[in-house]
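Structure assessment
Below, each chain spelled out in residue letters.
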Amino acid sequence: MAPGEPEERENSMAAFDLGKRVALVTGASGGLGRHFAGVLARAGAAVALAARRTELLEDAVRELRAAGARAAAVLCDVTDAASVRAALDAAEAALGPLDIVVNNAGVVVSKPVLEHSEAEWDRVVDTNLKGAWLVSREAAERWVKEARPGRIINIASLLALRTIGRVPSYCASKAGLVHLTHSMAMELARHGITVNALAPGYVVTDFNRRFLESESGRALIGRIPMGREGKPEDLDGALLLLAADAGAYITGAVIPVDGGHAVSAV
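The structure reproduced in this document is the subject of the present report.

Parameters and conventions
Residues numbered from 1 in each chain as written. Predicted model: local features only at pLDDT ≥ 70, side-chain atom pairs only at ≥ 80, totals over all residues. Heavy atoms only, no water. Salt bridge = Lys/Arg side-chain N within 4 Å of Asp/Glu carboxyl O. Pairing = 2+ DSSP bridges. Helix = DSSP H or I, 4+ residues; strand = E, 2+ residues; numbered from the N terminus. Axes fitted to C-alpha atoms, helices over the stretch in contact; angles between N-to-C directions. Contact = heavy atoms within 4.5 Å. Phe/Tyr/Trp six-rings, centres within 6.5 Å; stacked < 30°, edge-to-face > 60°. Lys NZ or Arg CZ within 6 Å of the ring centre and 35° of its normal. Polar contact = N/O pair within 3.5 Å; in protein donor to acceptor, adjacent residues only side chain to side chain. Buried < 20%, exposed > 50% of the residue type's maximum accessible area, 1.4 Å probe, protein only. Right-handed = clockwise from strand over helix to strand, strands pointing away. Parallel < 35°, antiparallel > 145°, perpendicular 65-115°, else oblique. Left-handed = near helix turned anticlockwise from the far one by under 90°. Nonpolar A, V, L, I, M, F, W, Y, C, P; charged D, E, K, R; others polar.

The next point concerns the pattern of salt bridges. Overall, the coordinates contain 15 salt bridges when judged by the stated rule. Between E120 and K111 there is a salt bridge, with the nearest N and O atoms lying 2.6 Å from each other. Across the salt bridge formed by R148 and E146, the nearest N and O atoms sit 2.9 Å from each other. Salt bridges sharing common partners tie together R85, D89, E92, E138 and R142.

As structure tokens, this is what we get:
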């Protein structure tokens, strides 16, 4: 058989199959979290959608089940260790032992650094950084105890690598998440647990659509080397690579998905 013939291509695609895998996605009540849950489900995974807003979670779960996926909604406040533990217990009770965790929950406060209150700073850092650590720690403890491999995928940001004004707590939290990714990858590799991150650029969601359609937003998009904003589906390939067997030897990586924004000219 010559390279690239059908059987070889089928074997290559099988490495991206998530059948019999169970995933947990935080911040899954909308936006990229809900999108990621759908991507993993379409690749064959059973998916637990975790967030604090029950009504939106249930709507997302109904949509996935209607498409034939196994899915469950779990309440989770990622800033609270007891809530995280209960959420993982509920996810595993509904779907079976977890194999994949996507730390997507995040918030932002848009204010200059001198106007940030301590409470606002703590809310952003606790959600974006502490939350990812709590969820990752809880999942990894279970995997190590059960001698099972696992996949942790942290959703960082272009702003972990570059910066703009008015979001100092967000930039700091995402930069911290990148270094946490490196640290956890180093410590957990010997247990067969991979830890990686995606660093999305300006991807259009309901959260940022109005800004990206504004004059300032269009000017920002004009500085992206590929000349356009991202779409949620632009993240699908990198997400599946890090979740599936195809990415089994990748750990400690931070993959920018930003149209070249992180390497644009100063």
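The subject of this paragraph is the sheet that holds strand 4 (residues 100-103). If you trace the 7 strands from one edge of the open sheet to the other, you get 3-2-1-4-5-6-7, paired in parallel fashion. A single partner strand is all that each edge strand has here, and the edge strands are strand 3 (71-75) and strand 7 (254-257). Each adjacent strand pair in this sheet contributes to an overall mean axis angle of 20 degrees, direction not counted. Contacts from helix 4 (residues 81-95) reach strand 1 (22-26), strand 2 (46-51) and strand 3 within the one sheet, and its direction differs from that of strand 3 by about 160 degrees. Here helix 6 (residues 168-188) sits on the sheet and contacts strand 5 (150-155), strand 6 (193-200) and strand 7; the angle it forms with strand 6, its principal contact strand, is near 160 degrees.

A few words on the packing of aromatic side chains. To describe a pair of aromatic rings, one takes the distance between the centres and the angle between the planes. This structure, assessed with the given rule, holds 0 aromatic pairs. We note R137 situated over the ring of W133; from NZ or CZ to the ring centre the distance is 4.5 Å.

A few words on the environment of G68. For G68, the location among the structural elements is in the loop between helix 3 (54-66) and strand 3. Counting along the chain gives 27 residues from G68 to A41, while the straight-line C-alpha distance between them is 8.9 Å.

So, on to the side chain of E92. Here E92 is to be found in helix 4. Here the side chain of E92 touches R142 through a polar contact of 3.0 Å, side chain to side chain. The residues contacting E92, other than those within four sequence positions of it, are P97, L98 and R142.

The subject of this paragraph is the pairing of strand 4. The side-chain alternation of strand 4 yields two buried faces, one formed by I100 and V102 and the other by V101 and N103. Sheet analysis places strand 1 next to strand 4, joined by 3 bridges and oriented parallel. Within the sheet, the bridge partner assigned to A23 lies in strand 4 and is I100. Judged from the 4 bridges that link them, strand 4 and strand 5 form a sheet pairing that is parallel. Its bridge partner lying in strand 5, V101 is registered against I152. Once you follow strand 4 into helix 5 (residues 118-145) and on to strand 5, the crossover reads as right-handed.

To continue, consider the packing of helix 5 against helix 6. Here helix 5 crosses helix 6 at 15 degrees, and the two axes come no closer than 8 Å. When the axes of helix 5 and helix 6 are compared, the pair comes out roughly parallel. Where helix 5 crosses over helix 6, the handedness of that crossing is right-handed. In this structure, helix 5 uses W121, V124, V125, N128, L129, A132, W133, S136 and A140 to contact helix 6, whose residues at the interface are P168, S169, Y170, A172, S173, K174, G176, L177, L180, M184 and L188. A class-by-class count of the residues in the contact of helix 5 with helix 6 yields 14 nonpolar, 5 polar and 1 charged.

Here the focus is helix 9 (residues 236-243). With 6 of 8 residues buried, helix 9 is to be regarded as a mostly interior element. Regarding helix 9, the residues found buried are D236, A238, L239, L240, L242 and A243. Summarising the contacts, the buried residues of helix 9 are in contact with helix 2 (31-42), strand 4, strand 5, strand 6 and strand 7.

Moving on, we come to the pairing of strand 2. In terms of burial, strand 2 is largely enclosed, as 6 of its 6 residues are buried. By the alternation rule, side chains of strand 2 split into A46, A48 and A50 and V47, L49 and A51, which are all buried. In this sheet, strand 2 lies alongside strand 1 in parallel orientation, the contact comprising 5 bridges. In the sheet register, T26 faces strand 2, and the bridge partner there is A50. You can see the chain leave strand 1, run along helix 2 and come back into strand 2, and the turn it takes is right-handed. When strand 2 meets strand 3, the two strands line up parallel, connected through 5 bridges. Its bridge partner being in strand 3, A51 is matched across the sheet by L75. You can see the chain leave strand 2, run along helix 3 and come back into strand 3, and the turn it takes is right-handed.

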